[in-house]
Amino acid sequence: MATTILSAGITIEGELTSDDDIEIAGTVRGKISCKDAITIASGAVVEAELTASKVALAGAVTGNVVAEDRVDIQVGGRLIGDVRAARLTIADGASFKGNVDMDV
Amino acid sequence: MSTTVIAAGTWVRGSIQGEGDVTVAGRVDGEIEVAGDVTLDGTALVKGNVSGARIVVRGAVAGDLSGTSAVLLEDGARVVGDVRAPSLGVGDGALVRGRIETSDAAGSRPSASHAQRPAARPAAAPAKAAPPPRPAPRVEPPKAAAPHAPPKPAAAPAPPAPKPPPPVVPAMKKGAKAALKKRVAG
């Protein structure tokens, strides 16, 4: 289905809810809920709580992340917040500060 | 700069600001304020003011539209709010309810139009609320005509009960119904 795209230069303040994928290259402050994947591009600034099936981040995120499936912190990605997910990868070169809960 | 897309199935509760173009096919409860063009697709539902360079509307908007370049209301557009732009286009099938201003100087007095509207709306409300008192006088004559039958007055107070129901039907629903009929017909 259609992907929601927030390009660079755009700022959303508030709550964002989607049934489909979300790609963020801009700025979001608030809360993001997505039934599918959230992709946060390099250069993006997200200060929000994230809830999704999958989260892939290469930008800066401040806030807790809850993913049903997986969280991938890619090269250049920066996450400050707690992660709760079944699977987690942190790439070499990514930065992360927070707790991890993998339902062990 | 690439376009920001709020897809169908996406709901934004809050403001969208910045540079670049925005296309909305989903739902936005809040302000959209961008430097680029704004396109509201047929499935879009926006509750809030929209401002941009060129605004193209094919969906529903409850809020003011302010385009620095142009505002185009195309088939399927349902707008409840004021429209301001140097250049305005209203296509066949577009529905508008609100003030329209198409001068370059329009942007200099948005506060004036906002100051006038609150006064206009309360004035309209009493006019619609006035009809309900009428049923009461109608009920009284039967009481006087048939004083022998006490049960009837008991029945008579019942009709006033439906009085509260005449609420003002939101204008959006009227437009929505018309749009639905058109879709079914077309």
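Everything here concerns the structure above.
Now for a description of the structure that goes with this document.

The rules behind the values
Residues numbered from 1 in each chain as written. Chains lettered and ligands numbered in written order. Predicted model: local features only at pLDDT ≥ 70, side-chain atom pairs only at ≥ 80, totals over all residues. Heavy atoms only, no water. Helix = DSSP H or I, 4+ residues; strand = E, 2+ residues; numbered from the N terminus. Buried < 20%, exposed > 50% of the residue type's maximum accessible area, 1.4 Å probe, protein only. Contact = heavy atoms within 4.5 Å. Areas by Shrake-Rupley, 256 points an atom, 1.4 Å probe, with all protein chains shown as cover. Polar contact = N/O pair within 3.5 Å; in protein donor to acceptor, adjacent residues only side chain to side chain. Buried area = accessible area lost by both parts, 1.4 Å probe. Salt bridge = Lys/Arg side-chain N within 4 Å of Asp/Glu carboxyl O. Nonpolar A, V, L, I, M, F, W, Y, C, P; charged D, E, K, R; others polar. Pairing = 2+ DSSP bridges. Phe/Tyr/Trp six-rings, centres within 6.5 Å; stacked < 30°, edge-to-face > 60°. Lys NZ or Arg CZ within 6 Å of the ring centre and 35° of its normal.

Side note on the overall build of chain A
- Helix and strand content of chain A: zero helices and 12 strands.
- When the elements of chain A are put in sequence order from the N terminus, they spell out β-β-β-β-β-β-β-β-β-β-β-β.
- Expressed as a percentage of the 104 residues in chain A, the buried residues total 43%.
- Once local pairs closer than 6 in sequence are excluded, the contacts in chain A between residues at least 24 apart make up 0%.
- If you sum the accessible surface of chain A, you get close to 4900 Å²; carbon and sulfur atoms cover 47% of it.

Some thoughts on the overall build of chain B
- Helices and strands together make up the secondary structure of chain B, namely four helices and 15 strands.
- Within chain B, the proportion of its 186 residues that are buried is 33%.
- Restricting the contact set of chain B to residue pairs at least 6 apart, pairs at least 24 apart contribute 9%.
- Accessible area of chain B: about 10200 Å², with a carbon and sulfur share of 61%.

Observations regarding the side chain of B:Glu101
Residue and element names in this part refer to chain B.
- By the secondary structure assignment, Glu101 is in strand β15 (residues 100–101).
- Its relative accessible area of 14% is what places Glu101 among the buried residues.
- Polar contacts involving the side chain of Glu101 include one to the side chain of Arg99, which spans 3.4 Å.

Side note on the interface of chain A and chain B
- Taken residue by residue, the interface counts 19 residues in chain A and 21 residues in chain B.
- Summing both partners gives a buried area of about 1500 Å² for chain A against chain B, and 45% of it is carried by carbon and sulfur.
- Interface area lost by chain A to chain B is led by A:Ile10, A:Glu15 and A:Thr17, which between them contribute 28%.
- The closest approach of N and O atoms between A:Glu15 and B:Arg13, which form a salt bridge, is 3.5 Å.
- The tally of links from chain A across to chain B stands at 13 residue pairs in polar contact (both at pLDDT 80 or more).
- Put simply, the parts of the chain that give the side of chain A that touches chain B at least two residues each are β1 (4–6) and β2 (10–18) of chain A.
- With nine residues, the single largest contributor to the side of chain A that touches chain B is β2(A).
- A class-by-class count of the residues in the side of chain A that touches chain B yields seven nonpolar, eight polar and four charged.
- As paired elements, β2(A) and strand β2 (residues 10–18) of chain B share nine bridges and run antiparallel to each other. Paired with A:Ser18 across the strands is B:Thr10, a residue of β2(B).

Comments concerning the packing of aromatic side chains
- The final tally for this structure, using the stated rule, is zero aromatic pairs over all chains.
- The aromatic ring of B:Trp11 is capped on one face by B:Arg13, whose charged end is 3.9 Å from the ring centroid.

Some details on the pairing of β2(B)
All names here are of chain B.
- Summarising the sheet, β2 and strand β4 (residues 27–29) pair through three bridges and their orientation is parallel. From the neighbouring strand, Arg13 faces β4, where its bridge partner is Asp29.
- Pairing of β2 with strand β5 (residues 32–34) involves three bridges; the strand directions are parallel. Bridge pairing in β5 links Gln17 to Glu33.

Quick word on the environment of A:Asp69
Residues and elements named next belong to chain A.
- Along the polypeptide, Asp69 turns up in strand β8 (residues 65–73).
- A sequence separation of 15 residues divides Asp69 from Lys54, and the C-alpha atoms of the two residues are 5.5 Å apart.
- Those residues in contact with Asp69 that lie beyond four places of it in its chain are Ser53, Lys54, Ala86 and Arg87.
- A distance of 3.0 Å separates a polar atom in the side chain of Asp69 from a polar atom in the side chain of Arg87.

Quick look at the environment of B:Ser15
- On the secondary structure map, B:Ser15 appears in strand β2.
- Sequence separation between B:Ser15 and B:Glu31 is 16 residues, and the spatial gap between their C-alpha atoms is 4.7 Å.
- In this structure, B:Ser15 is in contact with A:Thr11, A:Ile12, A:Glu13 and B:Glu31, ignoring residues within four places of it in sequence.

Thoughts on the pattern of salt bridges
All names here are of chain A.
- On inspection of all chains with the given rule, the structure shows 11 salt bridges over all chains.
- In this structure, Arg29 and Glu13 form a salt bridge, with 3.2 Å as the shortest nitrogen-oxygen distance. Of the two residues, Arg29 sits in strand β4 (residues 27–34) while Glu13 sits in strand β2, which places them 16 residues apart along the sequence.
- By relative accessible area, which is 36% here, Glu13 ends up partly exposed.

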